[in-house]
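Chain and residue survey
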Amino acid sequence: MGPALCLLSAACFGAMAVFGKFAYDAGVSPESLLLVRFTLAAVLLGMVLLLRPALRRAEPDQRGREAASRPTLTRGRVLATAVGLGAVGYATQASLFFSALELMDASLLALILYTYPVLVTVAAVLLGRDRLTPRRGAALVGASAGTLLVLLGAGGVSFHPLGALLAFASAITYTVYILVADTVVHRLAPVVLSALVMAGAAGTLGGRTLIAGGVDVGFGVWGWFWLACITVVSTVVAMLAFFAGLKRTGPSTAAILSTFEPVVTTALATLTLGETLTPVQRAGGALVLSSVAVLQLRADRHHARASGRSDVWIARRVRLSAAPAAHGRHRGVALRVSTRPARRGVVRCRRARS
């Protein structure tokens, strides 16, 4: 499910650029787009949490248990970090992205933005959160090369220095956002985390709107329609899928799988804006999809080896009784458990009195 959720998130995010172009054509300003997007998203996610209380509970997983074994953050710090992700990280990244979109072509903007998978992978390796395995490195190179082919296969790309600077700043901001989100994604349910991020971003943008003297929301029905598409598809669904996928895959794999986003953007632009895919773009899309398949195959094989591995021994001391035994000592057993399957499915143990 992890890779599938990351791909779903990439597809939803990939549609946002096309929705944004249509919203601009309908008279929506970037400031109005951002404020309405995050405010409506926060309201929708809050309603989901009210109607489905079960979604407030985080489901434990292996990566969550490993995170819990480290020095833990208090509940208040976790919530503050989640709100800060939206108020500082996501609000800044989205503002930089849509500001750059006003100055440069969407294809070149996407190319510069999608330097972030490389930045995330390198940063995660330097921080000791991930290992740069040969297969992961090959998938990263293949996905990045495919993205280059998809985006550079289109002709007539213009260059704007300030727009390029804003786009690269957006990539750096998104890199930090993913790495910080990975520290709290195991401690909060995806819906709760998404709601807090949206609320934080809405608060920042609302405050900026008050200082600037307000925004114009007098655009027509089509403007609200495209804003609804951006809010529901490219924000709520995309965020939920991303956090759920990040929880299961880790930051590097999630970033690599997210390179599917510009492929979706190009395909939608072809269908809706009359653009055509060149042979070079089709080759790049195939390369990105092949890299995604390599990552999925790796995950399946790893799961199969984990369920049937041999020669792995775990030594653990288990306290059986809390009542004092003779001479004030506690009684327990030391277990050596082999994950190698025994006859008739019985796990073999060796017991010794401690």
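Cut-offs used in this document
Residues numbered from 1 in each chain as written. Predicted model: local features only at pLDDT ≥ 70, side-chain atom pairs only at ≥ 80, totals over all residues. Heavy atoms only, no water. Helix = DSSP H or I, 4+ residues; strand = E, 2+ residues; numbered from the N terminus. Buried < 20%, exposed > 50% of the residue type's maximum accessible area, 1.4 Å probe, protein only. Lys, Arg positive; Asp, Glu negative; His and termini not counted. Salt bridge = Lys/Arg side-chain N within 4 Å of Asp/Glu carboxyl O. Polar contact = N/O pair within 3.5 Å; in protein donor to acceptor, adjacent residues only side chain to side chain. Contact = heavy atoms within 4.5 Å. Phe/Tyr/Trp six-rings, centres within 6.5 Å; stacked < 30°, edge-to-face > 60°. 1 Å grid on protein atoms, 1.4 Å probe; cavity = no way out; pocket = protein on both sides within 12 Å on 5 of 7 lines; lining within 4 Å. Points joined across faces, edges and corners; volume = space filled by probe spheres on them. Nonpolar A, V, L, I, M, F, W, Y, C, P; charged D, E, K, R; others polar. Axes fitted to C-alpha atoms, helices over the stretch in contact; angles between N-to-C directions. Parallel < 35°, antiparallel > 145°, perpendicular 65-115°, else oblique. Left-handed = near helix turned anticlockwise from the far one by under 90°. pLDDT = per-residue confidence, 0-100.

1. Some remarks on the side chain of R37
For R37, the position within the fold is in helix α3 (residues 30-51). For the buried residue R37, which engages in no salt bridge, the nearest side chain bearing the opposite charge is E261, 8.9 Å off. Among the polar contacts listed, one links the side chain of R37 to the side chain of Y90, at a separation of 3.1 Å. One polar contact links R37 to T235, side chain to side chain, over a distance of 2.6 Å. If we skip the residues at most four places from it in the chain, R37 touches F13, M16, Y90, A94, F98, I230, T231, S234 and T235.

2. A closer look at the packing of aromatic side chains
Taken as a whole and assessed by the stated rule, the structure comprises 13 aromatic pairs. On the basis of an interplanar angle of 90° and a centroid distance of 5.2 Å, the ring pair of F97 and F98 is categorised as edge-to-face. Since its relative accessible area comes to 1%, F98 is described here as buried. Linked through ring pairs, F38, Y90, Y116, Y174, Y177, F242 and F243 together constitute an aromatic cluster.

3. Focus: empty space enclosed by the protein
Counted under the stated rule, the structure contains one cavity of 30 Å³ or more. By volume, the largest cavity is sized at about 290 Å³. As for the largest cavity, its lining consists of 23 residues, of which M16, F97, L113, Y114 and E261 are closest to the centre. Of all the elements in the fold, those that place two or more residues in the lining of the largest cavity are α1 (2-14), α2 (16-25), α5 (75-101), α6 (106-113) and α13 (260-273). Counting residues per element, the lining of the largest cavity draws most heavily on α5, which supplies five residues. Here the residues of the lining of the largest cavity are counted per class, giving 16 nonpolar, five polar and two charged.

4. Describing the packing of α2 against helix α11 (residues 221-249)
Remark: α2 packs on α11, axes separated minimally by 9 Å, with the N-to-C direction vectors making an angle of 165°. By the angle between their axes, α2 is roughly antiparallel relative to α11. Classified by chirality, the crossing of α11 by α2 is left-handed. Counting all contacts with α2, which are made through M16, F19, G20, F22 and A23, the residues of α11 involved are W226, C229, I230, V233 and S234.

5. A few points about the packing of helix α9 (residues 161-184) against α11
Helices that pack against each other are described as a pair by the angle of their axes relative to one another and the distance between those axes. With their axes 10 Å apart at the nearest point, α9 and α11 run at an angle of 60° to one another. With respect to their mutual orientation, α9 and α11 come out oblique. The interaxial crossing formed by α9 with α11 has right-handed handedness. When α9 is examined against α11, the residues Y174, Y177, I178, A181 and D182 are found in contact with a partner set consisting of M239, F242, F243 and L246. A per-class count over the contact of α9 with α11 returns eight nonpolar, no polar and one charged.

6. Considerations on the confidence of the model for the protein
In this model, the protein carries an average pLDDT of 75, and 75% of its residues clear a pLDDT of 70 or more. Predicted confidence for residues 62-71 stays below pLDDT 50, and this span has twelve contacts to residues more than four positions away or in other chains. Segment residues 306-354: pLDDT under 50, and 56 contacts once partners within four positions in sequence are set aside and those in other chains are kept.

7. Focus: the side chain of T249
Tracing the sequence through the fold places T249 in helix α11. A polar side-chain atom of T249 sits 2.9 Å from the main-chain carbonyl oxygen of G245.

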